[in-house]
Amino acid sequence: MLALPATATTAPPPLPTLATEAIEILGAPLWAWQIAFAVTGVLVLVLLARTIWTPTPRSLRAWALGNVVVNAGIAVTGATVRVTSSGLGCSEWPRCTPDSFVPVETEHAALNAAIEFGNRTLTFLVLAVGLITLLAVLRSRPRRRDLTRLAVIIPFGVLGQGVVGGITVWTDLHPASVATHFLLSMAVTFLAVALYVRCQEPEGTPRVSVGPMLHALSVALVVIGFLLLVAGTVVTGTGPHGGDAQAPRWDLVLSAVTRVHSALAWLTLAAAVLAAVVAVRDGARRPVRISAVTLVVVVFLQGILGYTQYALALPEGLVVLHVLGSTLTWIAICRLYFSTTRLVPAGEGLTGPDADRDGERSPVEPAPGR
């Protein structure tokens, strides 16, 4: 990375457009609109929460899916912060500046401050979705301990994200803290997918519902997929998009760490293809087959995007799309993993035809010959 030239003046030059008030919409600063948007979003969620005071299976499933969307989404908005060099648009945490919780008279351009502040306000929406889902789970009858555990952990994970975000600011966007920030989002997303899948099944004991090879592949994909995410954060910490021109970077060779990341991506694709072949060959349940094939498509498209962005020297827009692809790949891996097991109520055997639909799993006898 090129070093910035030093200035030899006796007084520092004036900083351009430092106050976020310079960006105004209908006479109000942009940060005020961002706060209004976040507050409105939370209020809408609260109003919607009234509809699940007596939750139905469908509404609970919808809120669980909402957790997946918002936790994955904030990882993508975080990538936008990084590629626009807005990571220190708010130089303090939990305040934006030493004297204000909102971006006023920051040391960065107004747009950078607005982007970083906007990403911070989205955290309140993510937390609101998590708390509302927890409320729905607690109000469900009969109350399920397995869903309650997941629903309790998710909001704490979001709060932990806020703390890690503060550490990221305090360390001036050190790549280790930036990587932890992203990986924690993926861990919370894993729990959100688990909640979404399990709320469609009766309370019981998890039992493998596919052949041993397919289940082993699903477990391996979780491990390989997480290593792929870790390798991606190392590439990010070595590459040009550090979130700020002065952010520290890993002293590694970008082409070398990219090759490691690429090798893990190819391994993920190979395992996904093998899982899809086994699922179709063995006549696995419909949700398993759909999850396996979807994973192959997502990984293939993500690979094309990855090679394209590398060939074009990592343009900002493609980097954000690649992060979106990473989250979708991780969600697809989690979905396949959880589809290979089913919750079986105590005293019942593992049942369910291959053609049953996800979310509508009714007990039946095993097919003849099995």
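Rules used throughout
Residues numbered from 1 in each chain as written. Predicted model: local features only at pLDDT ≥ 70, side-chain atom pairs only at ≥ 80, totals over all residues. Heavy atoms only, no water. Helix = DSSP H or I, 4+ residues; strand = E, 2+ residues; numbered from the N terminus. Buried < 20%, exposed > 50% of the residue type's maximum accessible area, 1.4 Å probe, protein only. Contact = heavy atoms within 4.5 Å. Core = buried A, V, L, I, M, F, W, Y, C linked by side-chain atoms within 4.5 Å. pLDDT = per-residue confidence, 0-100.

With that out of the way, let us pick up the overall build of the protein. Across its full length, the protein carries 9 helices and 4 strands. Ordering the α and β elements of the protein from the N terminus gives β-β-α-α-α-α-α-β-α-α-α-α-β. Scored against the burial criterion, the 370 residues of the protein give a buried share of 48%. Excluding contacts between residues fewer than 6 apart, the proportion of contacts in the protein whose partners are at least 24 apart in sequence is 76%.

Another aspect to go through is the nonpolar core. If you look at the biggest cluster of nonpolar residues, it comprises 58 residues, and the most contacted ones within it are L214 and L295. Looking at this core, the elements with two or more residues in it are helix 2 (57-83), helix 3 (110-139), helix 4 (145-170), helix 5 (175-198), helix 6 (212-238), helix 7 (254-281), helix 8 (286-311) and helix 9 (316-339). The dominant element in this core, judged by the number of residues it contributes, is helix 5, at 10 residues. Beyond its immediate chain neighbours, meaning those up to four positions away, L214 contacts A275, V278, A279, A284 and V288.

Let us now look at the confidence of the model for the protein. Model confidence for the protein is summarised by a mean pLDDT of 82, while 84% of its residues fall at 70 or above. The low-confidence segment residues 1-21 (pLDDT under 50) makes 26 contacts with residues lying over four places distant or belonging to another chain. Across residues 352-370 the pLDDT falls below 50, and counting only partners more than four positions away or on other chains, this stretch makes 32 contacts in the model.

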